[in-house]
Amino acid sequence: MISYIERKLYIQTPAIDLLMAIARSGLYTNYTLYEQPHEWAMALGNLASIRATADTVTLFSEDQYQRFSRPRLSDAIAEATAALPVKDWRLYGCAQFELSHIFHGIESTRIATDQPLLELFVPQCEIRIEQQHLLLRATTPQKLEALQHLIEQVDTNPSLPSLNQMTLAYQNIAAYQQDQYRQAVQQAVLDIKEHRYQKVIMSRQIPLKQPVDILESYQTGRRNNTPARSFIYSQGGFMAAGFSPETVVEVGASGWVSTQPLAGTRAIGANKAEEARLKAELLADTKEIAEHAISVKLAIEELELVCDANSLSVSEFMAIRRRGSVQHLASRVKGQLAEGKNCWDAFEALFPAVTASGIPKKPAIEAIQRLEHQNRGLYSGCIMITDSQGSMDAALVLRSIYNQHNQQWLQAGAGIVDQSKPDRELEETIEKLTCIMTNLVAKTATDCRSKTTADQNKELETYK
């Protein structure tokens, strides 16, 4: 059984600046940064990993592997975590949206048999920061000393974040494939009126034409956003960073489960007066209220599957939450896990988020597969942590930037119900994309200055 060596440090540098310096150092290329309300955490390197495909879960550790196969994939995942040869472990990782096809029994030709749908990693080193108190964990004295040395260097001579970074040149996110999106929305409305489902989230993906510095963009965006969670995820050449507006599921070590559906959106506006006007408009919009109410209803029904019925409650209903450049209707549903249930039961019951899939989930996910032209991957999946005490925290992946094979993109969606209008839903995607777009930082100032707005729009025409 592998044990961590731990050391406590007191730091002066703000947590985000310290962790970003470690990310930029290149000491580890595989890492996850995860921000919760009272803790910043960073997992560095891979000591052991768990990978789930459509029908098999594999545990990799110390050049060996074990396979787990059960009728329910979540049971196999729970069994694999119980077999981890590490004491007091915490797993960091992600779940792809297409994992929902397995949980809901949906056949898909888009999912390869060996495609990882969930990947979790036990780190070689880990940093946890609460206020100015830092807990450093490592599996060897050498790794502990190397990381402590880097932390002390940064803390003694912090590199302050840039205040004059050139932001990304303007890109016309409204124009890209707008007709295709309107058509998808219109088809979804027709489906809903034929009672095939009640609600579906239709998304659009926007390729970026200019290279973006993801770390600088994250640090800039975090200064300008108010997320429920934020993250950077870097594994095997894939990288994503974002500002999650809500959690899919939160499970405490005591077995309490909560989920936070957000549905109903308006922009914040240019000033306080406009924000107040848009807030009042949102709270009076019957379409937005209906969309939110059915999302809360489904969250209650899903928790009923895994929680004691008498413990269920709606602890918050239709509050307004500011998330970057938009505001949402937000509620919170809670319950106590029933006897014999664990965090993976709760995860399966709630994944994917109702606010990123639809109602009922199975036909909505089938509609997404039919009406969207590519797999979503990490978009509307989750970045998550879970530990040996039974806790879990899974952040819905929205308001994010993605990078793979030198391709970078954004993605955003809108909730479609029978009252939806294609032009308004397109506008909602633009409002959400703006949360990220306005904070993107180009890799070099030369890149930013080399292309005018007209050049950017001309390039976008090649995609249509």
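Because the structure is predicted, anything quoted here is derived from the model rather than measured.

1. Quick word on the confidence of the model for the chain
For the chain, mean pLDDT is 89; residues scoring 70 or higher make up 93% of the total. Considering only residues more than four positions removed or in separate chains, one finds that residues 445–464, a stretch of pLDDT under 50, has 31 contacts.

2. Observations regarding the environment of Val57
Relative to the helices and strands, Val57 is located in strand S5 (residues 57–61). In contact with Val57, not counting residues within four places along its chain, are Ile50, Arg51, Ala52, Gln66, Arg67, Phe68, Leu73, Ala76, Ile77 and Ala80.

3. Notes on the packing of aromatic side chains
Given two aromatic rings, their pairing is described by the distance between the two centres and the angle made by the two planes. In this structure the tally under the stated criterion is eight aromatic pairs. Where Phe103 meets Phe351, the ring centres are 6.2 Å apart and the plane angle is 90°; that geometry is what we call edge-to-face. With a gap of 248 residues between them, Phe103 in helix H3 (residues 99–103) and Phe351 in the loop between helix H9 (343–350) and strand S19 (358–359) connect regions that are remote in the sequence. Across the pair, exposure class does not vary: Phe103 and Phe351 are buried alike. Taking 5.5 Å as the distance between ring centres and 5° as the angle between the ring planes, the aromatic pair formed by Tyr218 and Phe243 counts as stacked. With Tyr218 in helix H6 (residues 214–224) and Phe243 in strand S13 (residues 238–244), this residue pair connects regions lying 25 residues apart in the sequence.

4. Description of the pairing of strand S4 (residues 48–52)
Extensive coverage of S4 is indicated by the burial of four of its five residues. With five bridges connecting them, S4 and S5 associate as antiparallel partners. Each residue of the ladder has a partner; that of Ala48, found in S5, is Ser61. Where S4 folds back on S5, the antiparallel hairpin that results is connected by four residues. Sheet analysis places S4 next to strand S8 (residues 118–122), joined by five bridges and oriented antiparallel. From the neighbouring strand, Arg51 faces S8, where its bridge partner is Glu119.

5. Quick notes on the nonpolar core
Counting residues in hydrophobic clusters, the biggest one holds 69 residues, and the most contacted among them are Leu118, Trp344 and Phe347. For this core, the element with the most residues is H9, which contributes six residues. Setting aside anything within four residues of it in sequence, one finds Trp344 in contact with Ser74, Ile77, Ala78, Thr81, Leu118, Leu120, Met384, Thr386 and Met392. Counting 45 residues, the second-largest nonpolar core is a separate cluster that includes Met42, Leu150, Leu215 and Leu433.

6. What about the sheet that holds strand S22 (residues 400–404)?
Sheet architecture is open: 11 strands sit in the order S1-S10-S9-S3-S2-S12-S13-S22-S23-S11-S19, paired in antiparallel fashion. The strands lining the two open edges of the sheet, one partner per strand, are strand S1 (5–10) and S19. Of the strands in this sheet, strand S11 (199–207), S13, S22 and strand S23 (407–416) are in contact with helix H11 (residues 422–437), which crosses S23 at around 140°.

7. A closer look at the pairing of strand S18 (residues 326–336)
Across the 11 residues that make up S18, a large majority, 10, are buried. Relative to S18, strand S15 (residues 256–259) runs antiparallel, the two being bridged by four bridges. Bridge assignment links Thr259 to a residue of S18, and that residue is Val333. Alignment of strand S16 (residues 262–267) against S18, held across four bridges, turns out to be antiparallel. Bridge pairing in S18 places Arg266 opposite Gln327. When strand S17 (residues 313–323) meets S18, the two strands line up antiparallel, connected through eight bridges. Its bridge partner being in S18, Arg322 is matched across the sheet by Gln327.

Scoring rules and cut-offs
- Residues numbered from 1 in each chain as written.
- Predicted model: local features only at pLDDT ≥ 70, side-chain atom pairs only at ≥ 80, totals over all residues.
- Heavy atoms only, no water.
- pLDDT = per-residue confidence, 0-100.
- Contact = heavy atoms within 4.5 Å.
- Helix = DSSP H or I, 4+ residues; strand = E, 2+ residues; numbered from the N terminus.
- Phe/Tyr/Trp six-rings, centres within 6.5 Å; stacked < 30°, edge-to-face > 60°.
- Buried < 20%, exposed > 50% of the residue type's maximum accessible area, 1.4 Å probe, protein only.
- Pairing = 2+ DSSP bridges.
- Core = buried A, V, L, I, M, F, W, Y, C linked by side-chain atoms within 4.5 Å.
- Axes fitted to C-alpha atoms, helices over the stretch in contact; angles between N-to-C directions.

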